[in-house]
Amino acid sequence: MATYAVEAVDLVKTYPAGRKNPPLRALDGLTVSVGEGVVLGLLGPNGAGKSTTVKILTTLSRADSGSALVAGYDVNRSPDRVRRSIGYVPQKSSSDPMATGLENLVLSGRIFGLSRQESLQRARELLDRFGLTEHGDRPVKTYSGGMQRKLDVALGLVHRPKVLFLDEPTTGLDPEARADLWNEVVRLSGQEGLTVLLTTHYLEEADRLAGQLAIVDHGRIVAEGTPEALKASLRGDSVHVELVDPDTDGTVRALLGQLPGIGEIVVEGNTLRARVDRGATAVPAVLGALEDKAIPVVAVTVSRPSLDDVYLQHTGRSFRVAEEAA
Amino acid sequence: MIAHTGLVFGRWMRASYRQPALIAFTLVQPAIWLLLFGQLFQGVVRLPGFGDSSYIAFLTPGIVMMTALMTSGWSGTSFVQDMERGVMDRMLASPVSRGGLMAGQLLSNATTTLIQTILVFAIGIAAGARYDGGIFGYLVTIVASMLVGTAFGSLSNAVALLTRQQEALIGISQFVSLPLTFMSSIMIDPTVAPHWVNVAARFNPVDWATIAARQSLAAAPDWSSVSRHCLYLLAFTLIVGWLSTRAFRTYQRSV
Ligand SMILES: Nc1ncnc2c1ncn2[C@@H]1O[C@H](COP(=O)(O)OP(=O)(O)O)[C@@H](O)[C@H]1O
Ligand SMILES: [Mg+2]
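This section reports on the structure supplied with the text. Small disclaimer: the values here were computed from a predicted structure and weren't measured.

1. Remarks on the overall build of chain A
1) Next: Helix and strand content of chain A: 12 helices and 14 strands.
2) Next: Counting across all 326 residues of chain A, residues that qualify as buried make up 52%.
3) Next: Residue pairs in contact within chain A that sit at least 24 positions apart in sequence constitute 70% of those at least 6 positions apart.
4) Next: Looking at chain A as shown, the accessible area adds up to about 14,700 Å², and 50% of this sits on carbon and sulfur atoms.
5) Next: On chain A, the mean spot of the 37 positive side-chain charges and the mean spot of the 42 negative ones are 8 Å from each other.

Here it is, written out as structure tokens:
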């Protein structure tokens, strides 16, 4: 029956924004579904509404309107069943710093109804799996950021959930710890038909981990599909032009806009990025036009569309600009 | 709920015995109050009707209640810490019983109160306080102090869930606990206090506890007064306990 592990329809969530301001619309009719056993990446800049979506799906928060089924249960009508079926790793670290890693895991297991023995066994198993065995008896406050995050994920797995929610699992980690955790998530997703919904604002992470992507902007999903399909949906190539001086008055933009086979152009400081039909013909044309006007150039590069281009296509902003604005 | 209460209680007890500095502070503070106020008022206050008893004997049950009140005002800081991390959110998205989440923390808070009460009595007695009431008097005092701790601990937890800020919590709890301490018979006998203080004290749960404790420790306790005040206190504790458990919902609506 339930081929979807998560089915959310038209979620709206507003937060009061002080007396004078109108309420802030964090989710504005968000609809998303995740197939069983799939890793879905919810990708978007800060403030897009990713955490809000996760909080509603995990029953922590409640939508103003819309509906959501998680593991086949309605989040409003059967929150307790949903809670028993999911693991939730919040954006902020969710372990008790005064307790040891082992104690954290055992307590979590027991809250989900495991016996003391089962809980202890499961806790040891998870410590081992996340390479934390030798730190299991140390208070969490002595852990590094990467170790804490691994423990957070382990805490979400104690009771063998059907659906795991990871809210920005690697934000703030150094590259090594991030790669470590990525490997862990990849391993997880291959096992036991676990469905994973992870949020991220790293394009690279989404590309690496998610089999399905949903791009969120201003509280809505603006594009969905596999990373490959999303990239393939963009015709042509992407050209990046790096100038010596910023194009403050828009002359370069106007100049390139006139060339044949050039799509939308986005300016960010010293760089211009354009969608082109064919990189091989566009580059000489671009270089020629710039040389004619004696505009100094640092570099011109061509690339296959990236997720950043997908993002640009659907939101009208490049990911980096959206991030900085947030 | 009972199983979850036990689990949550265990968590907070482990956390507190890992903070020896905090334990020391919670024990030294009431000792200082008792000795300081004892010295301060001893010579100044000539209590009519206190002929053969000492001021320290009068003061000790009062300091017990004051300590229970003041310490419990901090109770909510543990919730604030959980909210600053993702612990509270993870818990609330789990099947944990909300009642258990509240009760377990309050039980660990009440355990602190219990230890403080015993310590204050030990110091009071060492300083010369004597009571005719016997073991039952001590028991009533201990139960009353734990009820004060639980009632004001759950208020503090509720304020924590509503404000989510350490500063706001401490501000509010001090704003409430100072008047409750002074508009009561904790330090001065009602017969020498201004009339309006006595009126205010009638509505003060800390004063109910103080009266119940003093009465039950006296040579000839007025048991009807003891049970009436204990009943008020119990009802108050249950009501605020229930209300504060509702505060989880308010918190969940705001995240
Ligand atoms: N508890 C809250 N109270 C008020 N506003 C909030 C709250 N949580 C989130 N918001 C606002 O809702 C919007 C979406 O936030 P969020 O879902 O956390 O974004 P993301 O996780 O994608 O960075 C933001 O504008 C944020 O400021
Ligand atoms: Mg977020």
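2. Description of the interface of chain B and chain A
1) Next: Chain B puts 25 residues into the contact, and the matching count from chain A is 32 residues.
2) Next: Approximately 2,500 Å² of surface area, both sides summed, lies buried where chain B meets chain A, with 57% of it carried by carbon and sulfur atoms.
3) Next: Its largest share of buried area at the contact with chain A, chain B owes to B:Arg85, B:Arg90 and B:Pro95, together 28% of the area lost on that side.
4) Next: Taken together, chain B and chain A are joined by 3 salt bridges.
5) Next: Note that A:Asp96 and B:Arg11 form a salt bridge whose closest N and O atoms lie 2.8 Å from each other.
6) Next: Elements with a minimum of two residues in the side of chain B that touches chain A: helix 1 (2-17), helix 4 (77-84), helix 5 (87-92) and helix 11 (223-254) of chain B.
7) Next: Partitioning the side of chain B that touches chain A into residue classes produces 10 nonpolar, 6 polar and 9 charged.

3. Focus: the sheet that holds strand 1 (residues 4-15) of chain A
All names here are of chain A.
1) Next: Taken in spatial order, the 4 strands line up as 2-1-4-5 in an open sheet, and their pairing is antiparallel. Two strands lie at the open edges of the sheet, namely strand 2 (24-35) and strand 5 (73-74), each paired on one side alone.
2) Next: Packed on one face of the sheet, helix 1 (residues 50-57) meets strand 1, strand 2 and strand 4 (65-70) and runs near 115° to strand 1.

4. Some words on the pattern of salt bridges
1) Next: Counted under the stated rule, the structure contains 16 salt bridges over all chains.
2) Next: Residue B:Arg18 is joined to A:Glu103 by a salt bridge in which the shortest nitrogen-to-oxygen separation is 2.7 Å. Placement of the pair is B:Arg18 in the loop between helix 1 and helix 2 (20-42) and A:Glu103 in helix 3 (residues 101-111), with the two residues belonging to separate chains.
3) Next: For B:Arg18, a relative accessible area of 26% gives the class partly exposed.

5. Looking at the packing of aromatic side chains
We describe a pair of aromatic rings using the distance from one ring centre to the other and the angle between the two ring planes.
1) Next: Within this structure, the stated rule accounts for 9 aromatic pairs over all chains.
2) Next: Considering the side-chain rings of B:Phe136 and B:Trp223, the 5.4 Å spacing of their centres and the 65° angle between planes classify their relative orientation as edge-to-face. Highlighted residues: B:Phe136 in helix 7 (residues 135-163) and B:Trp223 in helix 11, separated in sequence by 87 residues.
3) Next: Taking relative accessible area as the criterion, B:Phe136 reaches 49% and is therefore assigned partly exposed.
4) Next: Pairwise contacts between aromatic rings join B:Phe152, B:Trp208, B:Tyr232 and B:Phe236 into one cluster.
5) Next: Over the face of the ring belonging to A:Tyr202 we find A:Arg178, whose NZ or CZ atom lies 4.1 Å from the ring centre.
6) Next: Looking at B:Arg11, its charged tip hangs above the ring of B:Trp12, at a distance of 4.0 Å from the centre.

6. Thoughts on the side chain of A:Ser238
Residue and element names in this part refer to chain A.
1) Next: Following the sequence through the fold, serine 238 ends up in strand 11 (residues 237-243).
2) Next: Within the structure, the side chain of serine 238 is placed 3.3 Å from the side chain of histidine 240, a separation counted as a polar contact.
3) Next: Each residue touching serine 238, except ones within four places of it in the same chain, is listed here: Ala274, Arg275, Thr301, Val302, Ser303 and Asp309.

7. Topic: the site of ligand 1
1) Next: Every one of the 13 residues lining ligand 1 counts as a neighbour, but A:Gly47, A:Lys50, A:Ser51, A:Thr52 and B:Ser254 are closest to it.
2) Next: Within the backbone of A:Ser51, one N or O atom sits 2.8 Å away from an oxygen atom of ligand 1.
3) Next: At 2.9 Å from a nitrogen atom of ligand 1 is found a main-chain nitrogen or oxygen belonging to B:Ser254.
4) Next: Burial of ligand 1 by the protein amounts to 71% of the accessible area it has alone, namely 560 Å².
5) Next: Elements with a minimum of two residues in the shell around ligand 1: strand 2 and helix 1 of chain A.
6) Next: Partitioning the shell around ligand 1 into residue classes produces 6 nonpolar, 6 polar and 1 charged.

8. A look at the sheet that holds strand 9 (residues 212-217) of chain A
Residues and elements named next belong to chain A.
1) Next: If you walk across this open sheet you meet the 6 strands as 6-7-8-3-9-10, and the pairing is mixed. Edge strands, defined here as strands with exactly one partner in the open sheet, are strand 6 (86-89) and strand 10 (220-225). Put simply, the sheet's adjacent strands are angled 15° from each other on average, direction ignored.
2) Next: Helix 1 rests against strand 3 (39-43), strand 6, strand 7 (163-167), strand 8 (195-200) and strand 9 of the sheet, and its axis sits at about 150° to strand 8.

9. Concerning the side chain of B:His229
Residue and element names in this part refer to chain B.
1) Next: The topology assignment puts histidine 229 in helix 11.
2) Next: Note on histidine 229: relative accessible area 10%, which makes it buried.
3) Next: Among the polar contacts made by the side chain of histidine 229, one reaches the main-chain carbonyl oxygen of serine 225 at a distance of 2.9 Å.
4) Next: Setting aside chain neighbours within four positions, we find histidine 229 in contact with Trp208, Ile211 and Ala212.

10. So, unusual backbone geometry
Residue and element names in this part refer to chain A.
1) Next: Even without glycine at this site, threonine 59 takes up a positive phi of about 70°.
2) Next: If you check the backbone angles, glutamate 168 has positive phi at about 50° while not being a glycine.
3) Next: Here glutamate 168 shows up in the loop between strand 7 and helix 6 (175-189).

Reading the values: the criteria
- Each chain has its residues counted from 1, running along the sequence as written.
- Chains and ligands are labelled sequentially in the order written, the chains with letters from A and the ligands with numbers from 1.
- With pLDDT at 70 or above as the cut-off, local features in this predicted model cover only qualifying residues; side-chain atom pairs require 80 or more to be listed or tallied, and sums for whole chains, interfaces and linings still use all residues.
- Each side-chain value is worked out from all heavy atoms of the structure, with water and hydrogens disregarded.
- Per the convention used, a helix needs a DSSP run of H or I reaching at least four residues, while a strand needs a run of E reaching at least two, with both numbered from the N terminus.
- When a residue's accessible area, from a 1.4 Å probe over protein chains only, is under 20% of the maximum for its type it is buried; when over 50% it is exposed; and in between it is partly exposed.
- Working rule for contacts: check all heavy atoms of both residues, and any pair within 4.5 Å makes them a contact.
- Every accessible area reported is derived by Shrake-Rupley at a probe size of 1.4 Å, with residue values counting cover from the shown protein chains alone.
- Positive charges come from Lys and Arg, negative ones from Asp and Glu, while His and the chain ends are left out of the count.
- Where a charge lies is defined by one atom per residue type, namely NZ (Lys), CZ (Arg), CG (Asp) and CD (Glu).
- Put simply, buried area is the surface a 1.4 Å probe can reach on two separate parts but cannot reach once they are joined, added for both.
- Definition used for salt bridges: Asp or Glu carboxyl oxygen within 4 Å of a side-chain nitrogen of Lys or Arg.
- Classification convention: Asp, Glu, Lys, Arg as charged; Ala, Val, Leu, Ile, Met, Phe, Trp, Tyr, Cys, Pro as nonpolar; all other residues, Gly among them, as polar.
- Only when DSSP finds a minimum of two bridges between them are two strands counted as paired.
- Axis definition: a line fit to C-alpha positions, over the contact stretch in the case of helices; interaxial angles, taken between N-to-C directions, run 0 to 180 degrees.
- Any pair of Phe, Tyr and Trp rings, taking the six-membered ring for Trp, is counted once the centres come within 6.5 Å. Such a pair is stacked with planes under 30 degrees apart, edge-to-face with planes over 60 apart, and tilted for the rest.
- When the NZ atom of lysine or the CZ atom of arginine is within 6 Å of a ring's centre and also within 35 degrees of its normal, the charge is said to sit over that ring.
- Definition of a polar contact: a pair of N or O atoms within 3.5 Å, with one able to donate and the other able to accept a hydrogen when the atoms are protein atoms, and with sequence-neighbouring residues admitted only if both atoms are side-chain atoms.
- Here a residue is considered near a molecule or strand provided that any single heavy atom belonging to it is located within 4 Å of it.

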